[in-house]
Structure formats: structure tokens, C-alpha cells
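Spelled out, the chains give:
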Amino acid sequence: MACITKSFILSALLLVNTAQVGAQAVRPETVASGLQNPWAVAFLPEGRFLVTERPGRLRVIEPSGQLGAALKGLPPVAALGQGGLLDLVLDADFARNRTLYFCFAEPGLVGNSTALARARLSINRTQLEEVKVIFSQKPKVISSAHFGCRIVESQQGGKADGLLFLSLGERYVRKDDAQTLDNHHGKIIRIHKDGRVPADNPFVDRAGALPEIWSYGHRNVQGAALAPDGLLWTHEHGPQGGDEINLPQPGRNYGWPVITYGENYGGGKISDGATAKSGMEQPLHYWVPSIAPSGMAFLSSQRYGQAWVGNLFVGSLKFGYLDRIELSKPFKGQVVREHKLLAELGARIRDVRQGPDGLLYVLTDEARGRLIRLLPN
Ligand SMILES: [Ca+2]
């Protein structure tokens, strides 16, 4: 925890306007356009892409940039407000099993919640087969906000270990739920790929706690990735100010809504205005004002030079740039400096990933959104 505390202090010092404008460090190249509010991109073999669109479509993009028709076989999706078809990841063994995982706003008889499904992509790439919902957030509530919904396949010793992390928002209308363990609001969960609960989850033996829970006290996590050391990193939207980066550890409480560096929309304290309390984790880093973060990727490739290897990339919806976050080297999980990329696009950056070619790709969350490849300059 010592390094986290130090880094936290450092990040607080760097808070105001530290993001530097990168002098065209990369050249954006549009791969595909005309995507409706794209949310997540995955990389298929042979240079194809698979992209989710929030209104409830999953589409293949050819290497030429041509958009395929919407795939058949998706379950019903509650496309309202921030909800719809959201994140997508391919199984680590996709080349052999054609399996993928996606999360979405799942409609109920009343209200909705975030759900996670597993499916197989048909050989001809026109439909999903053997679709199975392996997790549904409880309870469903009437809300069109804060679905969270990032999926990460976890690893042990550098290899996929058959477990999935899923981030779950507190649905905005139920923020106090983030502090109690009898619900899935404001939680990170960890499950097997068939939905079973791992025997070593932190709350499996606690009466009244839902066993899928990995960590709690989160607000709305729309970015998650494994760091080079294999640990889970996430970021989350704060209220007005106080967006955070966290390293969710099993059983830990990340504080929302009891502690926060933000305030209510329009001003005013949240809870008693505290930023720290015992038994609650401090963020590794926080942003005031909020950047509204979405998407998260650690760069492992050398395509942009040695200085960028191990950097963290986060999209900003609010200010429309890609945040390149320099971390300490050798990797200790400390934020050193931030740099703004792609500000010239003026577009909401929803997702960022490293492709199999080692290049970074982003999605712009717009009515006519784009998939953009970043070429080194
Ligand atoms: Ca927090």
C-alpha cells in the first residue's frame, strides 16, 4: 500500500492541468465510420473487427472498413439512456473455440440491470450461436444510467485462468447500495466463464453477501484492464469531480458514496464530504474536474517507441481526448504524468484497445461514430 499512497499524493499534486498536449504524437486513421454509438471493439483473425453499437447491434468490420450487417442471435437489449449493448471481449482461446463474452442492459418485467452473456460466433460470422446469459445483476431497477459493464478475462502467471471480472454500476438511483453486499450495485464481480462462483471469492462464506462480489463501493466503472503484472485496474466516473483509478483487491471497499473527491452535480457535499475513512481504499489517481473516463488499455507493443511501453491509455468522453498516462518504470503502478492525445478530433473516446498489430485503436461515441487506428508519427 505504501506505493499507492505515495502515488496518490503525487497524483494529487499533478492534478490541475497537468495533461500536456502531445505535439501530434500519433496520426489518426479512420478504419470505419457510420457506427452508431459504438462501445467496444475486439480483434478477429485475418484483420477483421467486431464492434458493439449501444442501440443493440453487433457488427463485423472488414479490413477494408466495410461494415457488415447486424449479427443475428443477440438477446433482448434495453437500449435506453446509457444502456444497450456495451462491452465485448473474445475468449483467450477464441482462435480455437470462437467464444466471446458481451455485457448489456438486460430488460426485466420491471426495470433493467447489467447482464453478461457467452456465445459462439458462427463460422460465416453472421450470427451468434449457443448464446447463454451467465450472470444478471441483482436487483433490477428502473434506471437508464450507470450500467458499468466492462469485462476482463483474468490471468494467473501470465495465462488466462478461466475467470471473468465484470464491473457493475450502482444505477445512479441506488448509490447507497454500493456499500452493502446483498446486491450487485456498485460492485466488481468475478465468475467462471460458465457463470459459476469461484470457491476463493472473498465473500463466499459470508451470510447475506452475494458470492460473486470481488470488491465494492464503486460508482460507475467503464474501464478495466489487466496491468503488466496481471493485476486488475479499473477507473470509474465520480459525481461532479472525483473520477478515479483503482486497483480492486478482493473484499476491499472503494468508498462510494461515503468518501469521494467529487461533489454533487450543481455543488454540495456528498455524504459528509469526507475524502478518506478507515476501512476504505484510496484511489491510485483521481481527476478533478472529471474527464468522464471510458475504455482502458495498457500498451505492451514497441510501435510507438520505448517511452510508451507500459503506458496506460484512457478515453475521455467529456473533454474528447485520449489520455496517455505515464507510469513509473520499472512498473510499480505510480502515475508520473498525463498527456492529451487526439484532442484535435473533438470526439468522445469510448473505448481504447491495443490490436494484434501492436497499434492502438479507439472508438468515438457519436451517432456516426468511428473506429480509428493510431499510426506512429
Ligand atoms: Ca473511491
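Everything that follows concerns the structure shown earlier in this document.
Here the structure is a predicted model, which is why all the values come from computation and not from measurement.

Undergrad: Please explain the state of the cysteines as it appears in this structure.
TA: Disulfide: a covalent bond formed between the sulfur atoms of two cysteine residues. Summed over all chains, the structure comprises 1 disulfide. Covalent S-S linkage joins Cys103 and Cys149, the inter-sulfur distance amounting to 2.1 Å. Here the residue Cys103 occupies a position in strand S8 (residues 99–107), and Cys149 occupies one in the loop between strand S10 (128–136) and strand S11 (151–156), the gap between them amounting to 46 residues. Take Cys103: its relative accessible area is 0%, and that puts it in the buried class.

Undergrad: Please explain the environment of Gln240 as it appears in this structure.
TA: Relative to the assigned elements, Gln240 resides in the loop between strand S16 (232–237) and strand S17 (243–246). In this structure the C-alpha to C-alpha distance between Gln240 and Tyr261, which are 21 residues apart in sequence, comes to 8.8 Å. Excluding anything up to four places from it in sequence, Gln240 contacts Gly262, Glu263, Asn264, Tyr265, Gly266, Gly267 and Ser290. Of note is the side chain of Gln240, whose polar atom sits 3.0 Å from the backbone nitrogen of Gly266.

Undergrad: What should I look at first to understand unusual backbone geometry in this one?
TA: Excluding glycine, residues mostly have negative phi values, and the peptide bonds linking residues are mostly trans. Residue Pro289 follows Val288 across a cis peptide bond; omega there is 0 degrees. If you trace the backbone, Pro289 turns up in the loop between strand S18 (285–287) and strand S19 (293–298). Although it is not a glycine, Tyr172 sits at a positive phi angle of roughly 70 degrees. Within the secondary structure, Tyr172 is located in the loop between strand S12 (159–168) and strand S13 (187–192). Positive phi is not limited to glycine here, since Leu342 has a value of about 65 degrees. With respect to the element layout, Leu342 can be found in the loop between strand S22 (335–341) and strand S23 (349–354). Assessed through its relative accessible area of 3%, Leu342 is described here as buried.

Undergrad: Help me understand the coordination of the calcium ion in this model?
TA: For a metal bound by four donors in tetrahedral geometry, the ideal donor-metal-donor angle is 109.5 degrees, whereas six donors in octahedral geometry ideally sit at 90 or 180 degrees. Coordination of the calcium ion by the protein comes from Glu244 (OE), Glu244 (OE) and Tyr254 (O), over a distance range of 2.3 to 2.6 Å. One end of the pair, Glu244, is in strand S17; the other, Tyr254, is in the loop between S17 and S18, with 10 residues separating them in the sequence. Like Tyr254, Glu244 is buried.

Undergrad: It is not clear to me how the sheet that holds strand S15 (residues 220–226) should be interpreted in this structure. Could you clarify?
TA: Pairing between sheet strands relies on hydrogen bonds along the backbone, with the strands arranged either parallel or antiparallel. The strand order across the open sheet built from 4 strands is S15-S16-S17-S18, with neighbouring strands paired in antiparallel fashion. Only two strands of the sheet have a single partner each, and these edge strands are S15 and S18. Each neighbouring strand pair of the sheet contributes to a mean axis angle of 15 degrees, computed without reference to strand direction. Direction of pairing for S15 relative to S16: antiparallel, over a ladder of 5 bridges. Note that in S16 the partner of Gly223 across the bridge is His235.

Undergrad: Teacher, can you tell me more about the packing of aromatic side chains here?
TA: For any two aromatic rings, the description comes down to two numbers: the centre-to-centre distance and the angle of the planes. Under the definition given, this model contains 10 aromatic pairs. When the centroid spacing of 6.0 Å and the interplanar angle of 70 degrees are considered together, the rings of Phe203 and Tyr216 count as edge-to-face. One end of the pair, Phe203, is in the loop between S13 and strand S14 (213–216); the other, Tyr216, is in strand S14, with 13 residues separating them in the sequence. Tyr216 shares its class with Phe203; the two are buried. What links up through ring pairs into an aromatic cluster is the set Phe43, Phe49 and Tyr361. Looking at Arg171, its charged tip hangs above the ring of Phe147, at a distance of 4.1 Å from the centre. When the ring centre of Trp256 is taken as reference, the NZ or CZ atom of Arg219 above it lies at 5.1 Å.

Undergrad: Sorry, what's going on with empty space enclosed by the protein here?
TA: If a probe the size of a water molecule is rolled over the atoms, the empty space left behind becomes visible. Tallying each qualifying case throughout the model produces 2 cavities of 30 Å³ or more. What lines the largest cavity is simply Arg219, Glu236, His237, Gly238, Pro239, Gly242, Glu244, Trp256, Ile259 and Thr260. For the lining of the largest cavity, the residue count by class is 3 nonpolar, 4 polar and 3 charged. Secondary-structure elements contributing two or more residues to the lining of the second largest cavity are S12 and S16. For the lining of the second largest cavity, the element with the most residues is S12, which contributes 3 residues. Broken down by class, the residue content of the lining of the second largest cavity amounts to 6 nonpolar, 2 polar and 1 charged.

Thresholds applied
Residues numbered from 1 in each chain as written. Predicted model: local features only at pLDDT ≥ 70, side-chain atom pairs only at ≥ 80, totals over all residues. Heavy atoms only, no water. Disulfide = S-S within 2.5 Å. Helix = DSSP H or I, 4+ residues; strand = E, 2+ residues; numbered from the N terminus. Buried < 20%, exposed > 50% of the residue type's maximum accessible area, 1.4 Å probe, protein only. Contact = heavy atoms within 4.5 Å. Polar contact = N/O pair within 3.5 Å; in protein donor to acceptor, adjacent residues only side chain to side chain. Donors = N, O, S within 2.8 Å, 3.2 Å for Na, K, Ca; no water. Pairing = 2+ DSSP bridges. Axes fitted to C-alpha atoms, helices over the stretch in contact; angles between N-to-C directions. Phe/Tyr/Trp six-rings, centres within 6.5 Å; stacked < 30°, edge-to-face > 60°. Lys NZ or Arg CZ within 6 Å of the ring centre and 35° of its normal. 1 Å grid on protein atoms, 1.4 Å probe; cavity = no way out; pocket = protein on both sides within 12 Å on 5 of 7 lines; lining within 4 Å. Points joined across faces, edges and corners; volume = space filled by probe spheres on them. Nonpolar A, V, L, I, M, F, W, Y, C, P; charged D, E, K, R; others polar.

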